[in-house]
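Here's the letter readout for the chains.
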Amino acid sequence: MLRMSRLFIALCLALVGCEERPPLPPKEFDGQAALGYLRTQVEFGPRVPGTEGHRRQVEWLEQMLRERADTLIVQAWSHVTAKGDTLPMRNFVARFQPAAADRVLYLAHWDTRPISDGPNSTEPKTPVPGANDGASGTAVLLAVADALKKTPPGIGVDLLFVDGEDYGDFSKQPSDVLIGARWYTKHQPPGPLPRFAVLYDLVADADLQLYQEGNSLTGAPDVVQKVWNVAEQLGYSNYFRPDSAGRHTLTDDHVELQRVGIRAIDVVDFDYPAWHTPEDDLPKVSAASLQIVGDVAMAIIRLEQPAAQRGT
């Protein structure tokens, strides 16, 4: 009797899942364009706050986003570090359909780490190039902006580019990491919170393996399931891996958003040997990986409907 009950429940859940899945929209994300955006960032040099590479990327991002978004909010402030240094910081909030009450938030950090202190690094004093850790999520969001400029979304979409995620020591100087995400939570655009938020970090690894992250599963398990279901429908289960939920539990920008009630998750490939090393450079990333992540990101947006249309 117990075995039959479990089988019946599993069958019912499978049938419900099939009934609830709408047809997927056509693919529109351009992975090659995203790789070009990634390459441009790396060519600026390390994007550490207070450096020339950081300044050049500020100018480039602002120009790129003003050409694409309906509205651009630039959040500019100075951050005083635990050591007393003053850093110029910039967040960018690119808004599509800014008047819409129903919104989705995507975010990525665009800065890079000032030291190569990863477990595989042999040059600890060298800044990280940040091809994957910094440039990849930013490149995905920029190519999403291209698609939304061409075909506006049916709901509101905010693309948040945060600064200062990777500056300090996560264990000893918590005020000097996740700086831009924390600033955003205290200076959000007016209106209700987004339905959910997805952080894209380390998503261009040529050997892409995306596992369901621990704090995401705790804070917004339904959003994790939404993203992984869409990836499965697109045929990307080999990359959005469902077989090791909670393999990594990370302190990342999504945690700051969760603290203010935003249902945020982290799409992140933390199985990346070049993490926080000088080898986090162009040979380690691929347009194919950006394409996979971007296809899923765009499909999620296109499948979301305004509350009036979905009866809620």
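Read on for a plain summary of the structure.

Some remarks on the packing of aromatic side chains
Move 1: In the structure shown here, the tally under the stated rule is 7 aromatic pairs.
Move 2: Note on F44 and W60: the rings are 5.7 Å apart at their centroids and 70° apart in plane angle, and the pair reads as edge-to-face. Residue F44 is found in the loop between α2 (31–43) and α3 (52–66), and its partner W60 is found in helix α3; the two are separated by 16 residues along the sequence.
Move 3: On the basis of relative accessible area, F44 is assigned to the buried category, the value being 13%.
Move 4: Of the residues examined, W60 reaches a relative accessible area of 14% and is grouped as buried.
Move 5: When the ring of F270 is compared with that of W275, the centres are 5.0 Å apart and the planes differ by 65°; the resulting orientation is edge-to-face.
Move 6: Given the relative accessible area of 27%, F270 is considered partly exposed.
Move 7: The exposure class of W275 is partly exposed, given its relative accessible area of 23%.
Move 8: Three or more aromatic residues link up through ring pairs in this structure, and these residues are Y37, F44 and W60.
Move 9: One residue, R247, lies across the ring of Y211, its end atom 4.4 Å from the ring centre.

Notes on unusual backbone geometry
Move 1: Of note in this structure, L178 is not a glycine but carries a positive phi near 55°.
Move 2: Locating L178 in the fold gives a position in the loop between β4 (156–162) and α5 (179–186).

Examining the pairing of strand β5 (residues 197–201)
Move 1: For β5, the buried fraction is high: 5 of the 5 residues fall into the buried class.
Move 2: Burial along β5 is two-sided: the residues A197, L199 and D201 and V198 and Y200 are all buried.
Move 3: The pairing of strand β3 (residues 103–109) with β5 spans 3 bridges and is classified as parallel. Bridging across to β5, L105 finds its partner in A197.
Move 4: Here β5 pairs with strand β8 (residues 264–268) via 5 bridges, running parallel.

Analysis parameters
Residues numbered from 1 in each chain as written. Predicted model: local features only at pLDDT ≥ 70, side-chain atom pairs only at ≥ 80, totals over all residues. Heavy atoms only, no water. Phe/Tyr/Trp six-rings, centres within 6.5 Å; stacked < 30°, edge-to-face > 60°. Helix = DSSP H or I, 4+ residues; strand = E, 2+ residues; numbered from the N terminus. Buried < 20%, exposed > 50% of the residue type's maximum accessible area, 1.4 Å probe, protein only. Lys NZ or Arg CZ within 6 Å of the ring centre and 35° of its normal. Pairing = 2+ DSSP bridges.

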